[in-house]
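A structural walkthrough
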Amino acid sequence: MAGTIPDLHAEVRTGTGKGAARQARREGKVPGVVFGGEAEPLAINVPFNDLLKRLKAGRFKSTLFNLKVEGQEDVRVICRDVQRDVVKDLPTHVDFMRLRRTTRIALFINVNFENQETCPGIKKGGVLTVVRPEVELEVLAGDIPESITIDLAEANVGDVLHISDVTLPEGAKPTIDRDFVIANISAPSGLRSEENEAEDGEEAAAEE
């Protein structure tokens, strides 16, 4: 199932060069360019406040956007560069690249954990500790999964859940080439204390 791709609104920038870019900034906009694909480069302006908010949210360069420009067809883009003011560190120019549906890109995908209510480890008092709430996957731009799922129906206390425990959508693969940990079911503090006491008792008996 394809995930929801956020819209990014912009307008066509009339004129090019430093003069048009400065005018855009005076009007509270950030000049930018959309390139790639089979179309000619398109000069645009993006609302400053909207762009700054998205930049502060993080992972702007690894987020796929549905670019909406009045008078143009919607197009999927990904940010390739953000230029910033050297003193204020605020965006002054942004570049986007058009993507075909068959283009492979790296995106962060949310991880869902199902059957937590019936998970044996959690029912025994174990705690689900999430190491990676999202995983970076290489996916097709035209088939982006909304999330990936880990089934906890048989997970017990002490179990460690790796990326290999996830059935990934067709065509998707992790960007990290190792079997990394996503989550684990840790023992409740009371059980850990009992285990520690038992280990201490065994050590004392061995010494005697």
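To keep things clear, this report deals only with the structure shown in the data block. (Residues numbered from 1 in each chain as written. Predicted model: local features only at pLDDT ≥ 70, side-chain atom pairs only at ≥ 80, totals over all residues. Heavy atoms only, no water.)

Here's the deal with the nonpolar core
Most often, soluble globular proteins keep nonpolar side chains buried together rather than apart. Counting residues in hydrophobic clusters, the biggest one holds 28 residues, and the most contacted among them are Leu107, Phe113, Val135, Ile150, Leu152 and Ile182. Elements represented by at least two residues in this core include exactly β7 (104-114), β9 (134-140), β10 (147-151) and β13 (181-186). Ranked by residues supplied to this core, first place goes to β7 with five residues. Other than its neighbours up to four places away in sequence, Val135 contacts Leu107, Phe108, Ile109, Val111, Ile148, Ile163, Phe180 and Ile182. Leu42, Ile44, Leu55 and Val82 belong to the second largest nonpolar core, which has 18 residues in total. (Core = buried A, V, L, I, M, F, W, Y, C linked by side-chain atoms within 4.5 Å. Buried < 20%, exposed > 50% of the residue type's maximum accessible area, 1.4 Å probe, protein only. Helix = DSSP H or I, 4+ residues; strand = E, 2+ residues; numbered from the N terminus. Contact = heavy atoms within 4.5 Å.)

Focus: the packing of aromatic side chains
This structure, assessed with the given rule, holds two aromatic pairs. Look at Phe60 and Phe65: their rings are 5.2 Å apart centre to centre, the planes differ by 45°, and that puts the pair in the tilted class. With a centroid separation of 6.2 Å and 65° between ring planes, the pair formed by Phe60 and Phe96 is classed as edge-to-face. A residue pair is termed long-range when its members are at least 10 positions apart, and Phe60 in the loop between α2 (48-57) and β4 (64-69) and Phe96 in strand β6 (residues 91-98) qualify at 36 residues. Pair check on accessibility: Phe60 and Phe96 agree, each one buried. (Phe/Tyr/Trp six-rings, centres within 6.5 Å; stacked < 30°, edge-to-face > 60°.)

Some details on the pattern of salt bridges
Overall, the coordinates contain seven salt bridges when judged by the stated rule. With a shortest N-O distance of 1.6 Å, Arg59 and Glu134 are connected by a salt bridge. Here Glu134 lies in strand β9 and Arg59 lies in the loop between α2 and β4, a separation of 75 residues in the sequence. Of the residues examined, Glu134 reaches a relative accessible area of 25% and is grouped as partly exposed. (Salt bridge = Lys/Arg side-chain N within 4 Å of Asp/Glu carboxyl O.)

Thoughts on the side chain of Asn45
In this structure, Asn45 sits in strand β3 (residues 42-47). Of the polar contacts made by the side chain of Asn45, one reaches the side chain of Arg13; its length is 3.4 Å. Among all residues touching Asn45, those that are not within four sequence positions of it are Ala10, Glu11, Arg13, Ala24, Lys29, Val30 and Pro31. (Polar contact = N/O pair within 3.5 Å; in protein donor to acceptor, adjacent residues only side chain to side chain.)

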